[in-house]
Amino acid sequence: MTDTTKAPKTVQPIKLKSLAAGQAVTFPLTLQLKRLDGGLLELTLTMQAHGKRAWSAIKDKFYSDLRADAAARTAAEEGKDADAAELDETATLASRVGRSIENDARLVLQIARSWDLDDEFSAESLEELEDRFGGALGEIVTRYDRAIYQGQLGN
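From a predicted model like this one, the values you see are computed outputs, not experimental measurements. (Residues numbered from 1 in each chain as written. Predicted model: local features only at pLDDT ≥ 70, side-chain atom pairs only at ≥ 80, totals over all residues. Heavy atoms only, no water.)

### Describing the packing of helix H2 (residues 52-78) against helix H3 (residues 93-111)
For any two helices packed against each other, the geometry is given by the interaxial angle and the distance between the axes. Running from N to C, H2 and H3 point in directions that differ by 155 degrees, and their axes come no closer than 11 Å. In terms of orientation, H2 lies roughly antiparallel with respect to H3. The two elements H2 and H3 meet at a crossing, and its hand is right-handed. Between H2, through Trp55, Ile58, Phe62, Leu66, Arg73 and Glu77, and H3, the contact on the second element is made entirely by Arg96, Arg99, Asn103, Asp104, Arg106, Leu107, Gln110 and Ile111. (Axes fitted to C-alpha atoms, helices over the stretch in contact; angles between N-to-C directions. Helix = DSSP H or I, 4+ residues; strand = E, 2+ residues; numbered from the N terminus. Parallel < 35°, antiparallel > 145°, perpendicular 65-115°, else oblique. Left-handed = near helix turned anticlockwise from the far one by under 90°. Contact = heavy atoms within 4.5 Å.)

In structure tokens:
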């Protein structure tokens, strides 16, 4: 009786250095942003490809800087004269939202290289994008996370 089951084919081991060969240095990330009139703005960014470790380190530094900034603001507020009745400009909603948008734009600039809009790709234009399309910068970071951590692009 002959054995009709075949042994699995052996695959040559791949050298780790060859895994990076052909890996994209940049990749496109396309978003569809809803306009207030219900229309859509399609935006394609060219993203810098970072490995999981590098992207995690960028995020760690970003959040560490945010915590340090918050701690410095808290320390400054605690050191103020208790009788000061003036509203501190840094405590207004508008200033906090502005700082948040600036921080998010700074993070996106670390992972995105350009976009397909006619507007210059800069911190200011990213801030304007977030101001007009609330949540856009967060969506860019979320989609980038999925691409880097899970290898998912698209929906």
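### With respect to the nonpolar core
The biggest cluster of nonpolar side chains holds 27 residues, and the ones touching the most others in it are Leu45, Met47, Trp55, Leu129 and Ile140. Elements with a contribution of two residues or more to this core: strand S1 (26-34), strand S2 (40-48), H2, H3, strand S3 (112-115), helix H4 (123-132) and helix H5 (136-150). Considering every element that reaches this core, the biggest residue donor is H5, with 7 residues. Discounting chain neighbours no more than four positions away, the residues touching Met47 are Val25, Thr26, Phe27, Leu29, Ile111, Ala112, Ile140 and Tyr144. (Core = buried A, V, L, I, M, F, W, Y, C linked by side-chain atoms within 4.5 Å. Buried < 20%, exposed > 50% of the residue type's maximum accessible area, 1.4 Å probe, protein only.)

### Some words on a negative patch on the surface
Together, Glu42, Asp116, Asp118 and Asp119 line one region of the surface with negative charge. With respect to the element layout, Asp118 can be found in the loop between S3 and H4. (Patch = residues over 30% accessible without salt bridge, like charges linked within 9 Å, V, L, I, M, F, W, Y side chains within 5 Å. Areas by Shrake-Rupley, 256 points an atom, 1.4 Å probe, with all protein chains shown as cover. Salt bridge = Lys/Arg side-chain N within 4 Å of Asp/Glu carboxyl O. Lys, Arg positive; Asp, Glu negative; His and termini not counted. Charge placed at Lys NZ, Arg CZ, Asp CG, Glu CD.)

### Re the pairing of S2
Bridge count for S1 against S2 is 9 bridges, and the pairing is antiparallel. Each residue of the ladder has a partner; that of Leu29, found in S2, is Leu45. The antiparallel pairing of S1 with S2 creates a hairpin that spans 5 residues between the two strands, and Gly38 there sits at a positive phi of about 95 degrees. Where S2 and S3 come together, 3 bridges link them in antiparallel fashion. What sits directly across from Leu45, in S3, is Trp115. (Pairing = 2+ DSSP bridges.)

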